[in-house]
Amino acid sequence: MDICSTPGLMPIDDALANMLKSITPVTCTVEKLLSDSVGYVLAQDLHSPLNVPPFDNSAMDGYAVRIADLSNTTTLEVVGKSFAGIPYKGEWPPASCIRIMTGAKIPAGCDAVIMQEQATIDATTPNIVDFSQALPVRDQQNIRSLGEDIGQSDLVLPKGHRLTPRDIPMIASLGIPSLTVLNKPKVAFFSTGDELKPLGTPLQEGEIYDSNRYGIKIMLEQFGCEAIDLGVIPDDKDQLRQAFIQAQQQADVVITSGGVSVGEADYTKIILEELGQIGFWKIAMKPGKPFAFGKLLATDDSADAIFCGLPGNPVSAILTLYILVQPLLAKLAGHADWKAQPSIPAKALTGFKKAPGRTDFQRGIYTINEQGQFEVSSTGNQSSGAFRSMSLANCFIILERERGKVEAGETVYIQQFAPVFYA
Ligand code: AMP
Ligand code: MG
């Protein structure tokens, strides 16, 4: 049988393409202090207003020289000092040098800095420095030239770049105190299920703790969204309807977990169909098969909201949020340089159970062997309800849709976890 045409199962790429085509990036902007800007997306290209460094300066503690002065002598008299922030301002007589510190402005006429470790001073004549150890001296040696890191008006970061902690010192070096960034998408989310209890309340018979909401919240924040937590909604028609409406009114995206699997809590489906245009999909992925996607339509002057219904099983919920919803949120956030983690070939250290038909995201632990090759083993129990498998793992082992059982020693593809799982 042609697995690619498995009836009723939507390939992951088709689901992604379907979702992404309905997303228009946010356009509203806000001004953020540089120190508060990490995680926001630049609303416009960032050009440098100045050269970095803004003047030629010394890369070493040592002596500023003119190489020609050393053509027929190895000793020069020190006639002044240039310190960081306190440049040398006097005349620079021929056949002399200037003491200079790291970061200090290079005096006019200087064409090299000799590091102090290559200079010899006789204690009886402290003003005379012997440079014989430093010869030959190379033109421009130990000089950091104006604009060598960043030139004035250079494009330093493009529109659509999401700001990282690594960008901040660079932008600060340009003297830019605040940035115009895109507003974060607002994402409202809630858990559905009569069995779910929030943390801090005792469990009655048949109840479990709501774990998905805690994971969803932190992941949404890591994705660069404003997360609006609407709590746990019981499997009750009126309360669900109210929650969906409330969520749609205050958010760009509404995410729920639970209640989207086949034949379960049918009124969730009825309400969603009543409030919007929602498709109930069976995705060709394991875990994570049941998934709902569409729009919740506004009935007042608020805007429609995108809807993503995650499956309830904890691994499925977090996996579908990561694999399917994350690219959508990145596009919505205007995060143009977002990329999924690359797939890396690794040697399977153990066998993996697998049936053809769905792409499998098993939870794995990779290591790098002495030959520099990736090797991977399973975290154990791969049930979609066994969240410990996510906590133990450092990667997904992605077993192709058409693939069957994997024997130890075969090559598999792994995807290292993105920073969202580590921060
Ligand atoms: P459902 O998709 O509602 O049929 O739920 C599938 C499974 O996931 C059931 O075992 C639920 O109890 C469980 N589940 C649903 N929502 C959550 C949640 N928020 N936290 C933990 N487990 C959940
Ligand atoms: Mg449920």
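Source: prediction; values computed, not measured. (Residues numbered from 1 in each chain as written. Chains lettered and ligands numbered in written order. Predicted model: local features only at pLDDT ≥ 70, side-chain atom pairs only at ≥ 80, totals over all residues. Heavy atoms only, no water.)

Bringing the nonpolar core into the picture now. Of all hydrophobic cores here, the largest spans 48 residues; its most connected members are Leu-220, Ile-255, Phe-291, Cys-308, Leu-321, Leu-324 and Leu-329. Elements supplying a minimum of two residues to this core: α1 (12-20), β13 (186-192), α3 (212-222), β17 (253-257), β20 (290-296), β21 (305-310), α6 (314-332) and β25 (395-399). Examining the composition of this core, we find that 12 residues originate from one element, α6, more than from any other. In contact with Leu-324, not counting residues within four places along its chain, are Ile-12, Ala-15, Leu-16, Met-19, Ile-283, Met-285, Phe-291 and Leu-319. Membership of the second largest hydrophobic core comes to 20 residues, among which are Ala-251, Leu-272, Leu-275 and Leu-296. (Core = buried A, V, L, I, M, F, W, Y, C linked by side-chain atoms within 4.5 Å. Buried < 20%, exposed > 50% of the residue type's maximum accessible area, 1.4 Å probe, protein only. Helix = DSSP H or I, 4+ residues; strand = E, 2+ residues; numbered from the N terminus. Contact = heavy atoms within 4.5 Å.)

As a further point, take the sheet that holds strand β4 (residues 62-65). Taken in spatial order, the six strands line up as β7-β4-β6-β5-β9-β8 in an open sheet, and their pairing is mixed. Looking along the sheet, the strands with just one partner apiece sit at the ends: β7 (112-115) and β8 (120-121). (Pairing = 2+ DSSP bridges.)

Attention now goes to the state of the cysteines. Under the counting rule described, the total for this entry stands at zero disulfides. Cys-225 supplies the cysteine sulfur nearest to Cys-28, a cysteine that is in no disulfide, at a spacing of 15 Å. In this structure Cys-97 is not part of a disulfide, and its nearest cysteine sulfur, from Cys-110, lies 10 Å away. (Disulfide = S-S within 2.5 Å.)

The next subject is the side chain of Ser-96. Tracing the backbone through its elements, the reader meets Ser-96 in strand β6 (residues 96-100). You can call Ser-96 buried: its relative accessible area is 2%. Engagement of the side chain of Ser-96 in a polar contact is seen with the backbone oxygen of Pro-93, the distance being 2.6 Å. Residues contacting Ser-96, with those up to four places away along its chain left out, are Arg-66, Asp-69, Leu-76, Glu-77 and Val-79. (Polar contact = N/O pair within 3.5 Å; in protein donor to acceptor, adjacent residues only side chain to side chain.)

All right, on to the sheet that holds β13 then. Spatially, the six strands line up as an open sheet ordered β16-β13-β17-β21-β20-β18, and their pairing is mixed. Either end of the sheet is taken by a strand with one partner, and the two such strands are β16 (226-233) and β18 (276-282). Within the sheet, the average angular offset between the axes of one strand and its neighbour, ignoring direction, is 15 degrees. In this structure, β13 lies alongside β17, joined through five bridges in parallel fashion. Across the sheet, Ser-191 pairs through a bridge with Ser-257, a residue of β17. (Axes fitted to C-alpha atoms, helices over the stretch in contact; angles between N-to-C directions.)

Right, let's get into the site of ligand 1. Taken together, 16 residues lie around ligand 1, and Glu-195, Asp-210, Ser-211, Gly-259 and Gly-312 are the ones closest in. At 3.2 Å from an oxygen atom of ligand 1 is found a main-chain nitrogen or oxygen belonging to Asn-313. Here ligand 1 loses 81% of its free accessible area of 480 Å² to cover by the protein chains. Split into classes, the residues belonging to the shell around ligand 1 amount to four nonpolar, nine polar and three charged. (Near = heavy atom within 4 Å. Areas by Shrake-Rupley, 256 points an atom, 1.4 Å probe, with all protein chains shown as cover. Nonpolar A, V, L, I, M, F, W, Y, C, P; charged D, E, K, R; others polar.)

Here we take up the environment of Phe-190. Tracing the backbone through its elements, the reader meets Phe-190 in strand β13. Relative accessible area serves as the criterion here: at 1%, Phe-190 is assigned to the buried category. In this structure the C-alpha to C-alpha distance between Phe-190 and Ser-82, which are 108 residues apart in sequence, comes to 63 Å. Setting aside residues no more than four positions away along its own chain, Phe-190 makes contact with Arg-213, Leu-230, Gly-231, Ile-233, Leu-240, Ala-243, Phe-244, Ala-247, Val-254, Ile-255, Thr-256 and Ser-257.

Everything listed is a geometric property; what it means functionally is a separate question.
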